[in-house]
Amino acid sequence: MRVNRPKPPVRLTRRGRAALVVVVAALSLAGLWLGTRAVSLASASQAVPSHAGLPWVVVEDGDTLWTIAGTVSPEGDADAVAQDIMRLNGLKSSLIRPGARLYIPSGR
């Protein structure tokens, strides 16, 4: 005859408890990091207007946003035109790279 004995409860050793704490902490930190990345990416996105039908230029070596703005609108305010170009192209800074296509505001 076989007697059913209750199984003893699971007990964690000191090493097991330490490993469990490390895993829970790592998962918590990973979740926190992913959450902050998602918020920063969502808040950093800017609405970029449609580029359909707009003129564009290709950035050459030595070009700056202000030289392009001055070339496109020699009689206008280069700062205002540069800001318009940044907004239109969704640029966060005035740094542009050779080979990039920049759309120019219409009427310039």
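Residues numbered from 1 in each chain as written. Predicted model: local features only at pLDDT ≥ 70, side-chain atom pairs only at ≥ 80, totals over all residues. Heavy atoms only, no water.

1. Observations concerning the nonpolar core
Thinking step 1. In terms of nonpolar packing, the biggest core is built from 11 residues, these being Val 59, Leu 65, Ile 68, Ala 69, Val 81, Ala 82, Ile 85, Met 86, Ile 96, Leu 102 and Ile 104.
Thinking step 2. Taken together, the elements giving at least two residues each to this core come down to helix 2 (65–72) and helix 3 (78–89).
Thinking step 3. Broken down by element, this core gets its largest block of residues, four residues, from helix 3.
Thinking step 4. Leave out the neighbours within four places in its chain, and Leu 65 touches Ala 82, Ile 85, Met 86, Ser 94, Ile 96 and Leu 102. (Core = buried A, V, L, I, M, F, W, Y, C linked by side-chain atoms within 4.5 Å. Buried < 20%, exposed > 50% of the residue type's maximum accessible area, 1.4 Å probe, protein only. Helix = DSSP H or I, 4+ residues; strand = E, 2+ residues; numbered from the N terminus. Contact = heavy atoms within 4.5 Å.)

2. Quick notes on the packing of aromatic side chains
Thinking step 1. Scanning all chains against the criterion turns up zero aromatic pairs.
Thinking step 2. Sitting over the face of the ring of Trp 56, Arg 101 holds its NZ or CZ atom 3.6 Å from the ring centroid. (Phe/Tyr/Trp six-rings, centres within 6.5 Å; stacked < 30°, edge-to-face > 60°. Lys NZ or Arg CZ within 6 Å of the ring centre and 35° of its normal.)

3. Points about the confidence of the model for the protein
The predicted coordinates of low-pLDDT regions are not to be read in fine detail.
Thinking step 1. For the protein, per-residue confidence averages 85 on the pLDDT scale, and residues scoring 70 or more make up 87% of the total.
Thinking step 2. Summarising per-element confidence for the protein, the mean pLDDT is lowest in helix 1 (residues 14–44) (85) and highest in strand 2 (residues 101–103) (92). (pLDDT = per-residue confidence, 0-100.)

4. Here's the deal with a nonpolar patch on the surface
Thinking step 1. Judged by side-chain polarity, Leu 12, Leu 20 and Val 24 come together as a nonpolar surface patch covering roughly 260 Å² of accessible area.
Thinking step 2. Inspection of the secondary structure assignment puts Leu 20 in helix 1.
Thinking step 3. For Leu 20, a relative accessible area of 46% puts it in the partly exposed group. (Patch = residues over 30% accessible without salt bridge, like charges linked within 9 Å, V, L, I, M, F, W, Y side chains within 5 Å. Areas by Shrake-Rupley, 256 points an atom, 1.4 Å probe, with all protein chains shown as cover. Salt bridge = Lys/Arg side-chain N within 4 Å of Asp/Glu carboxyl O.)

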